[in-house]
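Reading the structure
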Amino acid sequence: MLHIVFFEPRIPGNTGAAIRLAACTGATLHLIEPLGFDFSDAHLKRAGLDYHDLASLVIHPNFEEFLTSAPDARIFAFTGHTQNNFAEVSYQPNDYLLFGPEPTGLPARVVAHERITAAVRIPMLPHLRSLNLANAASIAVYEAWRQLGYPGAAQFS
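Residues numbered from 1 in each chain as written. Predicted model: local features only at pLDDT ≥ 70, side-chain atom pairs only at ≥ 80, totals over all residues. Heavy atoms only, no water.

Glancing now at a nonpolar patch on the surface. A cluster of nonpolar side chains, Phe39, Leu57 and Ile59, forms an exposed patch at the surface whose accessible area comes to about 220 Å². Assignment of secondary structure puts Leu57 in strand 3 (residues 56–60). (Patch = residues over 30% accessible without salt bridge, like charges linked within 9 Å, V, L, I, M, F, W, Y side chains within 5 Å. Areas by Shrake-Rupley, 256 points an atom, 1.4 Å probe, with all protein chains shown as cover. Salt bridge = Lys/Arg side-chain N within 4 Å of Asp/Glu carboxyl O. Helix = DSSP H or I, 4+ residues; strand = E, 2+ residues; numbered from the N terminus.)

Structural data, given as structure tokens:
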């Protein structure tokens, strides 16, 4: 299935929402340390509701350890510093969708890393800085999942 990756997330509510997103879509959520919160944070728990036990969650001590855990993975870095439209990617099962921390986004060294398959962006109006992290992850995951035919989802009749 798909993988959501948060690089050094700082806002617990966004990570809680991503836990819920992972549970609802069957994706695995990867968090790359350091984290800007601990797992006892009330905002994290509230945003994730009762989905914490239903989500697949992996915590990596740093970016290099994350890369080691996914040796042959296709990794798409979401950034505002490219013209590549995320919806023009042909997603595959087991793709990794990498998002940067709030409010800075992914560092240039991560976006430029040799293991990054492509830097992509979600279109938005030009005079605005960025989408909310959890919202951006939701948009990306649902586009990739749609392309894959929603494997594992309840079927519509």
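Structure shown, so let's carry the discussion forward.
This part covers the sheet that holds strand 3. On the basis of which strands lie adjacent, the open sheet formed by six strands has the order 3-2-1-5-4-6 and parallel pairing. Across the chains shown, the open sheet's two edge strands, defined by having one partner strand only, are strand 3 and strand 6 (118–120). Averaged over neighbouring strand pairs, the angle between their axes works out to 25° when direction is ignored. Across five bridges, strand 1 (residues 3–7) lies against strand 2 (residues 28–32) in parallel orientation. When the bridges of strand 2 are listed, His3 appears paired with Thr28. Along the sheet, helix 5 (residues 133–147) contacts strand 1, strand 4 (75–78) and strand 5 (96–99); its crossing angle with strand 5, the most-contacted strand, is approximately 160°. (Pairing = 2+ DSSP bridges. Axes fitted to C-alpha atoms, helices over the stretch in contact; angles between N-to-C directions. Contact = heavy atoms within 4.5 Å.)

Quick look at the nonpolar core now. Counting 27 residues, the largest nonpolar core has Ile4, Phe6, Leu29, Phe78, Tyr91, Leu97 and Phe99 as the members making the most contacts within it. The set of elements that each furnish at least two residues to this core consists of strand 1, helix 1 (12–25), strand 2, strand 4, strand 5 and helix 5. Excluding residues that lie within four positions of it along the chain, Tyr91 makes contacts with Arg74, Phe76, Phe78, Phe86, Leu97, Glu143, Ala144, Gln147 and Leu148. Ranked by size, the runner-up nonpolar core spans 15 residues in total, among them Ile32, Phe63, Phe66 and Ala77. (Core = buried A, V, L, I, M, F, W, Y, C linked by side-chain atoms within 4.5 Å. Buried < 20%, exposed > 50% of the residue type's maximum accessible area, 1.4 Å probe, protein only.)

The description of an aromatic ring pair rests on the distance of the ring centres and on the angle between the ring planes. Under the criterion given, the structure shown has nine aromatic pairs. With centroids separated by 5.9 Å and ring planes inclined at 80°, the aromatic side chains of Phe7 and Phe63 adopt a geometry described as edge-to-face. Of this pair, Phe7 sits in strand 1 while Phe63 sits in helix 3 (residues 63–69), and the two are 56 residues apart along the sequence. Taking the centre distance of 5.6 Å and the plane angle of 70° together, the rings of Phe76 and Tyr91 count as edge-to-face. Within this pair, whereas Phe76 is found in strand 4, its partner Tyr91 is found in the loop between strand 4 and strand 5, the two being separated by 15 residues in sequence. Taken together, the ring pairs connect Phe6, Phe78, Phe86 and Phe99 into an aromatic cluster. (Phe/Tyr/Trp six-rings, centres within 6.5 Å; stacked < 30°, edge-to-face > 60°.)

Let us now look at the pattern of salt bridges. In this structure the tally under the stated criterion is two salt bridges. Arg74 is paired through a salt bridge with Asp95; the nearest N and O atoms lie 2.8 Å apart. Of this pair, Arg74 sits in the loop between helix 3 and strand 4 while Asp95 sits in the loop between strand 4 and strand 5; the two residues are 21 residues apart in sequence, bridging distant segments of the chain. The exposure class of Arg74 is partly exposed, given its relative accessible area of 23%. The class of Asp95 is buried, set by a relative accessible area of 2%. Residue Glu143 is joined to Arg146 by a salt bridge in which the shortest nitrogen-to-oxygen separation is 2.8 Å. Taken together, the residues span about one helical turn, with Glu143 and Arg146 both in helix 5 at a distance of three residues.

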